[in-house]
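# Secondary and tertiary structure notes
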Amino acid sequence: MNNLTFDNRFINHLPADSETENYCRSVENAAYSFVNAAKTSNPTLIAVTPLFAKQLGFSEHDIKDAEFTRVMTGNQLLPGMKSYAQCYGGHQFGQWAGQLGDGRAINLGELTTAGLGHQTLQLKGAGKTPYSRRADGMAVLRSSIREFLCSEAMFHLGIPTTRALSLCLSGEEVVRDKMYDGNAAIEPCAVVCRVSSSFLRFGSFQLPASRGEEVLLIKLVKHSIKSDFAHLLSGSSEFSKEIYLAWFSEISQKTCAMIVHWMRVGFVHGVMNTDNMSILGETIDYGPYGWVDDFDLNWTPNTTDAHEKRYRFGGQAEIGQWNLFQLANAIFPLIGEAEPLQAVMSDFALNYQNSWCTMMASKLGFKDYQGQTDLYLFQSLEKLLSTVETDMTIFYRLLATLPNDLDTDSHQQWLTLLAPCFYNAHDLEQSYLQDFTSWFKRYLARLNYDGLTQRQRAQAMNQVNPKFVLRNYLAQQAIELAEQGDYSEIHQLQLILQSPYKEQPEFQDYAKKRPDWARNKAGCSMLSCSS
Ligand code: AMP
Ligand code: MG
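Since this is a predicted model, take the numbers as computed values, not measurements.

Turning our eyes to something else, we now look at the overall build of the protein. Secondary structure summary: the protein contains 17 helices and eleven strands in total. Taken over C-alpha atoms, the radius of gyration comes to 24 Å for the protein, in line with the 24 Å a tight globule of 531 residues would show. Dimensions of the protein, computed from C-alpha atoms along their principal axes, come out at roughly 75 × 55 × 45 Å. Evaluated residue by residue, the protein yields a buried proportion of 58% over its 531 residues. Of all intrachain contacts in the protein linking residues separated by at least 6 positions in sequence, the fraction that spans at least 24 positions is 71%. Summed over its atoms, the accessible surface of the protein is roughly 21,400 Å², and 50% of this surface lies on carbon and sulfur atoms. In the protein, the 46 positive side-chain charges and the 57 negative ones have mean positions that sit 1 Å from each other.

Okay, here's the thing in structure tokens:
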């Protein structure tokens, strides 16, 4: 790993906490605190993403070396690394929570890569930091497996996300009450090395703004622009109100695009607190996230949110906009007037509606979005999919197999084709079958208007409708095996989820709908924030 070079822009350009002892405190006028990761008793590498590792500059030999495992568990720093935890705040479930910060994430430095620019390596679960509050700084194996697998699954689905380089056991154990129900148990600890060009969150700007630390706020905004939005400067080093606004507008557009993707594949983030919103519009902080099995806009995997359902599947765009509003408030001192910020917020709503319509048109196999009549088709489809338990992922894959000359006089033909996507195909009511038949009539007329052959349509649809997603029960199965010391299912899922749009007939079983036993099982349909 001698060839790796680090250029630690974040710590070189931004003010550090002057205190270097590792104890919990309020950290003011600083963007981060220097902190060492905790040494661990028995670091063991469980999984790595070889192609990504290569892009970052790690050779095959590097990955096999014990030094790699030591570095990826916080037991050793490479030359050029300097470890630190970031300071940020955030709104949690709609309430301002004040200072949060990297309570168990420790950044190692910014790797300079040949093709991916600067990439910050960050260890999640590497021990206490000044931001750990009353918690232990550790991450358990189950939540680390979920983060490792899902960030890579998202990447291969074409969705902006932080990446995962490695998953290691640390050798430590902690006690966790997994479902907050009094059943605490000892669990193994793990460390994921996650990677992004920036780990700045909306909350990174909110915290200094909330404290009136304007100098720090401006430094952070300038740093973000110089590091990750340099095109906005167009060669000049002069900052202006217009550039700050363009930056905010781009964050808004990226956030919008990310959420449209989530809706496309049936991903529910679960904890869209402003400290979990990346300034790059990347999916970040995989906690109690989930994938909708049966299409349900009201579903949330997060038990902490089961009542209010603030972060439900269908509410994610609205929450994205709410979060952007908090960011707008934070950067107001740089802009000095509300109107242009409000304009960006209105653009978000418009942009989301347009992008969602375009996305839905592609899911249905249309050449493009044709306006109101298409919108009506989407809305009536969503209603039908919600009426009875329908597997979203399987539905769209099967929809692509529909012949252009489908018999729409009765429900027989489409029901035979689509039966595998219903959780109770035998109990469908007559009125429902009639309603869906008339929907298919309109759908077919719309397809005929485009004039694509079934093959052409299927080819396009299968590039936006994945066959394989990280179904909640699949992750849970891999976790249960791993907790017995068998990591094979992690590797298997890694492999399958690398090609989510391909048929991969040898892995049919991984594309099946949620089995009955998983319907109400902890980890499969509901998760807590315990991690
Ligand atoms: P999250 O819900 O994972 O986004 O975490 C919210 C805040 O709690 C962040 O500041 C985390 O760093 C912190 N946090 C969560 N779990 C732990 C833990 N086990 N130890 C220390 N801090 C934690
Ligand atoms: Mg977080």
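In the contact formed by helix 7 (residues 214-228) and helix 8 (residues 241-265), the axes pass within 11 Å of each other and the chain directions differ by 70°. As far as their axial angle goes, helix 8 and helix 7 are roughly perpendicular. As helix 7 packs across helix 8, the resulting crossing turns out to be left-handed. Residue-level contacts link Ile218, Val221, Lys222, Ser224 and Ile225 of helix 7 to Ile243, Tyr244 and Trp247 of helix 8. Here the contact of helix 7 with helix 8 is composed, by residue class, of six nonpolar, one polar and one charged.

Domains assigned within the protein are domain 1 (5-199), domain 2 (203-361) and domain 3 (366-399 + 401-461). In this structure, domain 1 and domain 2 have C-alpha centres spaced 22 Å apart. Listed as interface residues are 42 residues of domain 1 and, on the opposing side, 42 residues of domain 2. Between domain 1 and domain 2, the buried area comes to about 3,500 Å², and carbon and sulfur atoms account for 58% of it. A per-residue breakdown of the area domain 1 buries against domain 2 is headed by His91, Phe93 and Arg146, which together make up 20% of the total. Summed over the shared surface of domain 1 and domain 2, the number is two salt bridges. Between aspartate 285 and lysine 124 there is a salt bridge, and its shortest N-O distance comes to 3.9 Å. Counting across the interface, domain 1 meets domain 2 through 19 residue pairs in polar contact (both at pLDDT 80 or more). Among the secondary structure elements, those contributing two or more residues to the side of domain 1 that touches domain 2 are helix 1 (9-13), strand 4 (89-92), strand 5 (95-99), helix 5 (141-156) and strand 9 (184-196).

Time to look at the coordination of the magnesium ion (ligand 2). Surrounding the magnesium ion (ligand 2) are the protein donor atoms Asn276 (OD1) and Asp285 (OD), at 1.8 to 2.2 Å. Look at aspartate 285 and you get buried, because its relative accessible area is 14%.

Here tyrosine 289 lies in the loop between strand 10 (267-268) and strand 11 (290-291). Tyrosine 289 sits in the buried class, given a relative accessible area of 1%.

Around ligand 1, the surrounding shell holds 16 residues, and the nearest of these are Gly101, Gly103, Arg133, Gly137 and Asn276. At a separation of 2.8 Å, a nitrogen atom of ligand 1 approaches a polar backbone atom of glycine 137. In the environment of ligand 1, an oxygen atom lies 2.9 Å from a nitrogen or oxygen atom belonging to the side chain of asparagine 276. Relative to its unbound accessible surface of 480 Å², ligand 1 loses 82% to contact with the protein.

Let us look at the packing of aromatic side chains. Under the definition given, this model contains 33 aromatic pairs. Ring geometry for phenylalanine 436 versus tryptophan 439: centroids 5.9 Å apart, planes at 80°, classification edge-to-face. In this pair, phenylalanine 436 and tryptophan 439 both sit in helix 14 (residues 430-450), three residues apart, roughly one turn of the helix. Like phenylalanine 436, the residue tryptophan 439 is buried in the burial classification. The cationic tip of arginine 25 hangs over the ring face of tyrosine 23; the distance from NZ or CZ to the ring centre is 4.6 Å. Between the NZ or CZ atom of arginine 310 and the centre of the ring of tryptophan 322, over which it lies, the distance is 4.6 Å.

Once that is clear, we can look at the side chain of glutamine 119. Mapped onto the secondary structure, glutamine 119 falls in strand 7 (residues 118-124). For glutamine 119, the side chain forms a polar contact with the main-chain oxygen of leucine 116, separated by 2.9 Å.

Bringing the pairing of strand 7 into the picture now. Counting buried residues in strand 7 gives seven out of seven residues, a clear majority hidden from the surface. What you see with strand 7 is no split at all: His118, Thr120, Gln122 and Lys124 on one side and Gln119, Leu121 and Leu123 on the other are buried throughout. Of the pairings in the sheet, the one linking strand 6 (residues 105-112) to strand 7 comprises seven bridges and is antiparallel in character. Looking at the pairing, asparagine 107 lines up with glutamine 122 of strand 7.

Another aspect to go through is the pattern of salt bridges. For the structure on display, the rule yields 26 salt bridges. A salt bridge links arginine 471 to aspartate 391; the nearest nitrogen and oxygen atoms lie 2.8 Å apart. Taken together, the residues span a long stretch of sequence, with arginine 471 in the loop between helix 15 (454-461) and helix 16 (472-482) and aspartate 391 in the loop between helix 11 (372-387) and helix 12 (392-399) at a distance of 80 residues. Here the two residues arginine 471 and aspartate 391 agree in accessibility, since each one is buried. It is possible to trace a salt-bridge network through shared partners that takes in Asp293, Asp294, Glu389, Asp391, Arg471, Arg514, Asp516 and Arg519.

Moving on to unusual backbone geometry. Positive phi values are uncommon outside glycine, yet phenylalanine 93 reaches one of about 50°. Position of phenylalanine 93 relative to the elements: it lies in the loop between strand 4 and strand 5. Relative accessible area serves as the criterion here: at 22%, phenylalanine 93 is assigned to the partly exposed category. Backbone geometry places glutamine 504, a non-glycine residue, at a positive phi of 40°. Along the chain, the position of glutamine 504 falls in the segment after helix 17 (488-496).

Moving on: the packing of helix 8 against helix 9 (residues 316-335). Relative to each other, helix 8 and helix 9 sit at 170°, their axes nearing to 10 Å. What the angle tells us is that helix 8 and helix 9 run roughly antiparallel. The chirality of how helix 8 crosses helix 9 is right-handed. Mapping the contact onto sequence places Lys241, Tyr244, Leu245, Trp247, Phe248, Ile251, Ser252, Thr255, Ile259, Trp262 and Met263 in helix 8 and Gln316, Ala317, Gly320, Leu324, Leu327, Ala328, Ile331, Leu334 and Ile335 in helix 9. Each residue belonging to the contact of helix 8 with helix 9 can be placed in one class, and the counts come to 15 nonpolar, four polar and one charged.

What counts and how
- Residues numbered from 1 in each chain as written.
- Chains lettered and ligands numbered in written order.
- Predicted model: local features only at pLDDT ≥ 70, side-chain atom pairs only at ≥ 80, totals over all residues.
- Heavy atoms only, no water.
- Helix = DSSP H or I, 4+ residues; strand = E, 2+ residues; numbered from the N terminus.
- Rg over C-alpha atoms; globule rule 2.2 N^0.38 Å.
- Buried < 20%, exposed > 50% of the residue type's maximum accessible area, 1.4 Å probe, protein only.
- Contact = heavy atoms within 4.5 Å.
- Areas by Shrake-Rupley, 256 points an atom, 1.4 Å probe, with all protein chains shown as cover.
- Lys, Arg positive; Asp, Glu negative; His and termini not counted.
- Charge placed at Lys NZ, Arg CZ, Asp CG, Glu CD.
- Axes fitted to C-alpha atoms, helices over the stretch in contact; angles between N-to-C directions.
- Parallel < 35°, antiparallel > 145°, perpendicular 65-115°, else oblique.
- Left-handed = near helix turned anticlockwise from the far one by under 90°.
- Nonpolar A, V, L, I, M, F, W, Y, C, P; charged D, E, K, R; others polar.
- Domains from an automatic or database assignment.
- Buried area = accessible area lost by both parts, 1.4 Å probe.
- Salt bridge = Lys/Arg side-chain N within 4 Å of Asp/Glu carboxyl O.
- Polar contact = N/O pair within 3.5 Å; in protein donor to acceptor, adjacent residues only side chain to side chain.
- Donors = N, O, S within 2.8 Å, 3.2 Å for Na, K, Ca; no water.
- Near = heavy atom within 4 Å.
- Phe/Tyr/Trp six-rings, centres within 6.5 Å; stacked < 30°, edge-to-face > 60°.
- Lys NZ or Arg CZ within 6 Å of the ring centre and 35° of its normal.
- Pairing = 2+ DSSP bridges.

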